[in-house]
Amino acid sequence: MPADETLVACQDAALTFGRGAQAVVAVHGANLVITTGERLAVVGPSGSGKSSLLHLLAGLEQPTSGKVIRSASLGTFGIGLVFQGDSLIPALNVLENAALPLVLAGRTETAAQEAARAALDLVGAADLAERLPEEISGGQAQRAAAARVLAQAPRLILADEPTGRLDHATGTRVLDALLTAADRTGAALVVTTHDPAVAARLTVRRSMRDGRLLAPEEIS
Ligand SMILES: Nc1ncnc2c1ncn2[C@@H]1O[C@H](COP(=O)(O)OP(=O)(O)OP(=O)(O)O)[C@@H](O)[C@H]1O
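Residues numbered from 1 in each chain as written. Predicted model: local features only at pLDDT ≥ 70, side-chain atom pairs only at ≥ 80, totals over all residues.

- With an unreviewed UniProt entry as reference, the protein is termed ABC transporter ATP-binding protein, source organism Streptomyces collinus.

Some points on helix H1 (residues 50-58)
Phase 1 of the analysis: Judged by how many residues are buried, H1 sits mostly within the fold: 8 of 9 residues are covered.
Phase 2 of the analysis: Burial in H1 covers these residues: Lys50, Ser51, Ser52, Leu53, Leu54, His55, Leu56 and Leu57.
Phase 3 of the analysis: The first or second residue beyond H1 is glycine 59, which carries a positive phi of 85°. (Buried ≥ 20, exposed ≤ 12 C-beta atoms within 10 Å, placed from the backbone. Helix = DSSP H or I, 4+ residues; strand = E, 2+ residues; numbered from the N terminus.)

Some remarks on the site of the ligand
Phase 1 of the analysis: In the vicinity of the ligand, the contacting residues are Phe17, Gly18, Val24, Ala26, Gly44, Ser46, Gly47, Ser48, Gly49, Lys50, Ser51 and Ser52.
Phase 2 of the analysis: Among the secondary structure elements, those contributing two or more residues to the shell around the ligand are strand S2 (24-35) and H1.
Phase 3 of the analysis: Considering every element that reaches the shell around the ligand, the biggest residue donor is H1, with 3 residues.
Phase 4 of the analysis: Looking at the shell around the ligand residue by residue, the class counts come to 3 nonpolar, 8 polar and 1 charged. (Near = placed C-beta within 6 Å. Nonpolar A, V, L, I, M, F, W, Y, C, P; charged D, E, K, R; others polar.)

A few points about unusual backbone geometry
Phase 1 of the analysis: A positive phi angle, close to 50°, is found at aspartate 12, a residue other than glycine.
Phase 2 of the analysis: Backbone geometry at alanine 153 places phi at a positive 45°, although glycine is not the residue there.
Phase 3 of the analysis: Among the secondary structure elements, alanine 153 is positioned in the loop between helix H4 (138-151) and strand S6 (156-160).
Phase 4 of the analysis: Exposure remark for alanine 153: the 17 C-beta atoms within 10 Å place this residue in the partly exposed category.

Quick word on the nonpolar core
Phase 1 of the analysis: Leu120 and Ala147 are the most contacted members of the largest nonpolar core, which has 68 residues in total.
Phase 2 of the analysis: If we skip the residues at most four places from it in the chain, leucine 120 touches Val94, Leu95, Ala98, Ala125, Ala126, Leu128, Ala129 and Ala147. (Core = buried A, V, L, I, M, F, W, Y, C linked by C-beta atoms within 7 Å. Contact = placed C-beta atoms within 7 Å.)

With respect to the sheet that holds strand S1 (residues 6-17)
Phase 1 of the analysis: Read from one edge to the other, the open sheet built from 3 strands follows the order S2-S1-S4, with strand pairing classed as antiparallel. The sheet is open, and its two edges are formed by S2 and strand S4 (65-70), each paired on a single side. Neighbour-to-neighbour, the strand axes of this sheet turn through a mean angle of 15°, independent of strand direction.
Phase 2 of the analysis: In this fold H1 packs onto S1, S2 and S4, with an angle of close to 55° to the strand it touches most, S2. (Pairing = 2+ DSSP bridges. Axes fitted to C-alpha atoms, helices over the stretch in contact; angles between N-to-C directions.)

Considering the packing of helix H2 (residues 94-104) against H4
Any two packed helices are characterised by the angle at which their axes cross and by the distance between the axes.
Phase 1 of the analysis: The contact between H2 and H4 brings their axes to 8 Å, and the two run at 30°. Our classification of the angle between H2 and H4 gives roughly parallel. Crossing angle aside, the handedness with which H2 passes H4 is right-handed. On H4, the residues touching Val94, Asn97, Ala98, Ala99, Pro101 and Leu102 of H2 are Ala144, Ala147, Arg148 and Ala151.
Phase 2 of the analysis: The residue inventory of the contact of H2 with H4, partitioned by class, reads 8 nonpolar, 1 polar and 1 charged. (Parallel < 35°, antiparallel > 145°, perpendicular 65-115°, else oblique. Left-handed = near helix turned anticlockwise from the far one by under 90°.)

This is how it looks when you write it as structure tokens:
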């Protein structure tokens, strides 16, 4: 795999919600290229457009104008999105939640659960495997959700405030796990955050202000 393969490129990609007087421009013409090996922090205050930008990169939202181009090489599990908030299926335990996408993609239950266990271990949540989502805290659920993404070994990990609801030690562990997983698999990693200490763990920082993506800054 070439070191600088482009995975996703935004060309003047804008995202507007609503119309007319109610229109909110969440992202103004963003230009951004994500290559393999990328370690990018997107920082900015609440409402500045970080989640919207991530959703454009993931293809969850289509740009209102401009383009978002994803490499055909990304395939089924090319992009793994760690969402803000709860995303676990209540009727499945943590292990089954983490294994589900792999089972749906045709892996055997055993192979899927093996990958899920390894990912839970990586985020320090192996002891939660048999618990239901209602039996764990919000921070533990965030770790389980991160494990579900890591089990898929995506080539691009998009993490939306992955440490936002966690105490410092747990947040550090989740971030360590995302960085370790990205290093091991060669995945690119994009993290949105309010927290300068989280941004400092990545290589490049881009700030958002009122929907505008500012120029890249290298993090020393
Ligand atoms: N589905 C939606 N419908 C209408 N407006 C939206 C929608 N999603 C986001 N917005 C608006 O777009 C702007 C950017 O929101 P976004 O969630 O991307 O910001 P953010 O920087 O991720 O904020 P936070 O840090 O609080 O998650 C905000 O003004 C928000 O109210």
